[in-house]
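# Per-entry structural report
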Amino acid sequence: MVQGDALQPTDVKNPDYFHKVVDCQWACPAHTAVPEYIRLIAAGRYSDAYMVNWESNVFPGILGRTCDRPCEPACRRSRVEEENNPKPEPVAICRLKRVAADYKDDIRGRLPKKGKSNGKKIACVGAGPASLTVARDLAPLGYEVTIFDQDPRAGGMIWSQIPRFRLPLEVIDEEVGYILDLGVSFLQRKITSMKELMGEGYEALFIGSGAPRGRELDLPGRKDGAKNIHIGIDWLSSVSFGHTSKIGKRVIVLGGGNTAMDCCRTSKRLGGEDVKVIVRSGFEEMKASPWEKEDAQHEGIPILNYLVPKKFVVENGKLTGMVFEKVKAVHENGRRNLVPTGEPDQHFDCDDVLVAVGQENAFPWVERDCGIEFEKGMPKVNTKTMQSSVPNIFFGGDAAFGPKNIIWAVAHGHDAAVSIDKLLNGEDIAERPAPGVSLMSQKMGIHEWSYDNEIHADMRYKVPWRDIKITLKNVKAEVELGFDVATAWKEAQRCLNCDVQTVFTDRLCIECDACVDICPMDCITFTGNADEKELRNHLNAPAKNLTQDLYVSGPLKTGRVMVKDEDVCLHCGLCAERCPTGAWDMQKFLLEMTNAGPGCRSHRQKKAA
């Protein structure tokens, strides 16, 4: 906030301020306390680390192998290494999550139990991560939750579309089982009518049916070659079900997303010898995660770019190849377009084609006169409450806003569960409860802290792989082996403990500048106040990253203010160690999102509970 030309003191009581400083937790849709569980891993407390994860992201073992990792691009470690490392890399947050799952003890005794029935019935359509999260949050509160799915087991796309060489079935069954064991009913039933379901006596409905339809590619030869042209997500499901166990030797995979990477790697294991991925975009613009592309290339699968499919070649009723037009990217008037290069069309032989050019939502079972409003084929859903135009019907995951990823589906599930709980307790679901926040000093002595604040210079450690000669022969052989205990400890030491905040008390400061002298990142400055743009340029090290805040104190005795650039602070605690008056302190920030239950309700409801 600006008062005149000067910045007002930072409001550190706003829970969002220090939350934003914990970049990884801020970026995580489920707001998992990342530094907290990494410290627990470093201490060998794997079960505790697992439970920190389970409270927020529900599927630590699954996500530790498959998460899209929005936390890692946000990791401060990359930013502070930029000047000294040509390729700075974040902490391996996702793979450390797997460490907690791999080395935990039996944690079933620490999980909640099914609550005493409150007589209210909830139906969840689709047994994917969003519905399972809703069930996990509501069943312990006494709600009778029933999950419907057309498939014979719960998990949704987690088990039907993610290959076993990335995610073993036993990991899925374990973590899905934790939820079903809360007294959640799972029924294999394909829901064919929303009106029918609405008439079955459920107090609330949650729709987590995913984006079940792969996009088609309507090109010449599509119908004639249909026998050997497969929609990617359907083909992956067929492999998971055991219906498909082989493919032709020459395979073309169309598409640049993670599904395409799963298709090409699975093909390699089912008999594909010449497998290639062909995309219309540039390599860097592909939607697939960087590590997914690297994994495919590691297994000898080439990725060919800037090729637009023109037709399927079918000879004597059999697919024999595809023809592509070579294009290039041209930027005009601020827009990027793909235009033909004028080179001759390119032909590639193939026996099978897997089409993985995107996924679409399909709601043929939702009658358009049932009260749910649609726009462009998607239900109108409130982005905060997950509520549709019918007050007791909620959507989440891919069914709400289109294809995304597991961790977003989990976040939607938590939000929907809060809404359902508030709605069925007669409350305004638009009033969203603030998270619980605590700050606790980590001071143990004059120069001692309760956390390890040593900054380790190690580069990111690589997760070991099983021998490629084994993995390419077995579609169920997990490729990544995970960190061993020793390597997990070393990787955990790379974490900068961003949740242990530098907290400044201006009334204790004597302006000796000792903290400025000792700060290894030059991120502390004592200066006259000014507007933000001027202040950022007047610091000892100019604060150029506008996405990161400045920590500004109130006026000091000389009229100056203390300004700290949150962008590159190492949270090393040297300022607090050096400060002679205790104006600086290291305080652990703990944020707990408010889930469904008494904590999410008004004071009246909390008192009644």
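Residues numbered from 1 in each chain as written. Predicted model: local features only at pLDDT ≥ 70, side-chain atom pairs only at ≥ 80, totals over all residues. Heavy atoms only, no water.

Here we come to the overall build of the protein chain. Per the secondary structure count, the protein chain includes 23 helices and 26 strands. Whereas a compact globule of 609 residues would reach a radius of gyration of roughly 25 Å, the protein chain reaches 27 Å, a difference of no more than 12%. When its C-alpha atoms are laid out on the principal axes, the protein chain stretches across 90 × 65 × 50 Å. In the protein chain, 71% of the contacts between residues at least 6 apart in sequence involve partners at least 24 apart. (Helix = DSSP H or I, 4+ residues; strand = E, 2+ residues; numbered from the N terminus. Rg over C-alpha atoms; globule rule 2.2 N^0.38 Å. Contact = heavy atoms within 4.5 Å.)

Before going further, it helps to spend a moment on the sheet that holds strand S24 (residues 550-552). Strand pairing in a sheet relies on backbone hydrogen bonds, with the paired strands running either antiparallel or parallel. Spatial strand order, S23-S25-S24: three strands in an open sheet with antiparallel pairing. The strands lining the two open edges of the sheet, one partner per strand, are strand S23 (524-527) and S24. Ignoring which end each strand starts from, the neighbouring axes of this sheet average 25° apart. Pairing geometry for S24 and strand S25 (residues 561-565), over three bridges, is antiparallel. When the sheet's bridge partners are listed, tyrosine 551 is paired in S25 with lysine 564. (Pairing = 2+ DSSP bridges. Axes fitted to C-alpha atoms, helices over the stretch in contact; angles between N-to-C directions.)

A word on the nonpolar core. Ranked by internal contacts, the top residues of the largest apolar core, which has 62 residues, are Ile38, Ile41, Phe504, Ile524, Phe526 and Trp584. The residues contacting isoleucine 38, other than those within four sequence positions of it, are Val91, Ile93, Leu96, Ala492 and Cys495. Counting 45 residues, the second largest nonpolar core, distinct from the first, contains Ala127, Ala139, Trp159 and Ile179. (Core = buried A, V, L, I, M, F, W, Y, C linked by side-chain atoms within 4.5 Å. Buried < 20%, exposed > 50% of the residue type's maximum accessible area, 1.4 Å probe, protein only.)

This paragraph deals with the pairing of S23. Side chains Ile524 and Phe526 project from S23 onto one buried face, and the interleaved Thr525 and Thr527 project onto a second face that is buried too. In the sheet, S23 pairs with S25 via four bridges, with the strands oriented antiparallel. Counterpart to isoleucine 524 in the pairing with S25 is lysine 564.

Moving on, we come to the pattern of salt bridges. Taken as a whole, this structure holds 48 salt bridges when the rule is applied. Among the salt bridges present, the one from glutamate 478 reaches arginine 65, with a minimum N-O distance of 2.7 Å. Highlighted residues: glutamate 478 in the loop between helix H18 (468-471) and helix H19 (485-492) and arginine 65 in helix H5 (residues 60-66), separated in sequence by 413 residues. Both residues of the pair, glutamate 478 and arginine 65, belong to the buried class. (Salt bridge = Lys/Arg side-chain N within 4 Å of Asp/Glu carboxyl O.)

Right, let's get into the packing of helix H3 (residues 34-42) against helix H4 (residues 46-57). Two elements in contact, H3 and H4, have axes separated by 8 Å at closest approach and are oriented at 165°. Overall, the two elements H3 and H4 adopt an arrangement that is roughly antiparallel. Judged by the sense of rotation from one axis to the other, the crossing of H3 with H4 is left-handed. Packed against H3, whose contacting residues are Glu36, Tyr37, Leu40 and Ile41, the element H4 presents Tyr46, Asp48, Ala49, Val52 and Asn53 at the interface. Looking at the contact of H3 with H4 residue by residue, the classes come out as six nonpolar, one polar and two charged. (Parallel < 35°, antiparallel > 145°, perpendicular 65-115°, else oblique. Left-handed = near helix turned anticlockwise from the far one by under 90°. Nonpolar A, V, L, I, M, F, W, Y, C, P; charged D, E, K, R; others polar.)

Tallying each qualifying case throughout the model produces 12 aromatic pairs. Chaining the aromatic ring pairs together yields one cluster made of Tyr17, Phe18, Tyr551 and Phe589. It is arginine 136 that lies over the ring of tryptophan 54; its NZ or CZ is 4.2 Å from the centre. Seen from the ring of phenylalanine 374, arginine 368 lies directly overhead, with NZ or CZ sitting 3.8 Å from the centre. (Phe/Tyr/Trp six-rings, centres within 6.5 Å; stacked < 30°, edge-to-face > 60°. Lys NZ or Arg CZ within 6 Å of the ring centre and 35° of its normal.)

As a further point, take unusual backbone geometry. The phi dihedral of valine 58 falls on the positive side, at around 70°, and the residue is not glycine. Residue class for valine 58 comes out buried when judged on its relative accessible area of 0%. Located in the positive-phi region is glutamate 511, a residue other than glycine, with phi close to 60°. With respect to the secondary-structure elements, glutamate 511 resides in the loop between strand S22 (500-504) and helix H20 (514-518). Judged by relative accessible area, which is 14%, glutamate 511 ranks as buried.

The next point concerns the environment of alanine 100. Along the chain, alanine 100 turns up in helix H8 (residues 93-103). Looking at alanine 100, the relative accessible area reads 0%, which means it is buried. Sequence spacing of alanine 100 and glycine 255 is 155 residues, and the spatial spacing of their C-alpha atoms is 34 Å.

Let's shift gears to the packing of helix H9 (residues 129-138) against helix H17 (residues 406-423). Helices that pack against each other are described as a pair by the angle of their axes relative to one another and the distance between those axes. Two elements in contact, H9 and H17, have axes separated by 7 Å at closest approach and are oriented at 40°. Overall, the two elements H9 and H17 adopt an arrangement that is oblique. Considering the relative orientation of H9 and H17, their crossing is right-handed. Contacts between H9 and H17 pair Pro129, Ala130, Thr133, Val134, Arg136, Asp137 and Leu138 from the former with Ile406, Ala409, Val410, Gly413, His414, Ala416, Ala417, Ile420 and Asp421 from the latter. Tallied by class, the residues present in the contact of H9 with H17 amount to 10 nonpolar, three polar and three charged.

A word on the pairing of S25. Taking burial as the measure, the five residues of S25 include five buried ones, the bulk of the element. On S25, burial covers both faces: Val561, Val563 and Asp565 on one face and Met562 and Lys564 on the other are all buried.

For the rest of this paragraph, the subject is the state of the cysteines. Summed over all chains, the structure comprises zero disulfides. Just so you know, cysteine 523 is unpaired, no disulfide at all, and the nearest cysteine sulfur is the one on cysteine 519, 3.5 Å from it. Cysteine 523 sits in the buried class, given a relative accessible area of 3%. (Disulfide = S-S within 2.5 Å.)

Let us look at the side chain of histidine 412. Within the secondary structure, histidine 412 is located in helix H17. Leave out the neighbours within four places in its chain, and histidine 412 touches Met386, Gly396, Gly397 and Phe401.

With that settled, consider the environment of leucine 111. When you line up the elements, leucine 111 lands in the loop between H8 and strand S3 (121-125). Along the sequence, leucine 111 and leucine 182 sit 71 residues apart, while their C-alpha atoms lie 8.8 Å from each other. Ignoring anything within four residues of it in the chain, the contact list for leucine 111 reads Met51, Trp54 and Tyr178.

One open sheet accounts for five strands, arranged S5-S4-S3-S6-S20; its pairing is parallel. The open sheet has two edge strands, strand S5 (185-188) and strand S20 (393-395), and neither has a second partner. On average, adjacent strands in this sheet sit at an angle of 20° to one another, irrespective of strand direction. Bridge count for S3 against strand S6 (residues 204-207) is four bridges, and the pairing is parallel. Bridge assignment links valine 125 to a residue of S6, and that residue is isoleucine 207. Each of S3, strand S4 (144-149) and S6 touches H9; the most contacted strand, S4, lies at about 165° to it.

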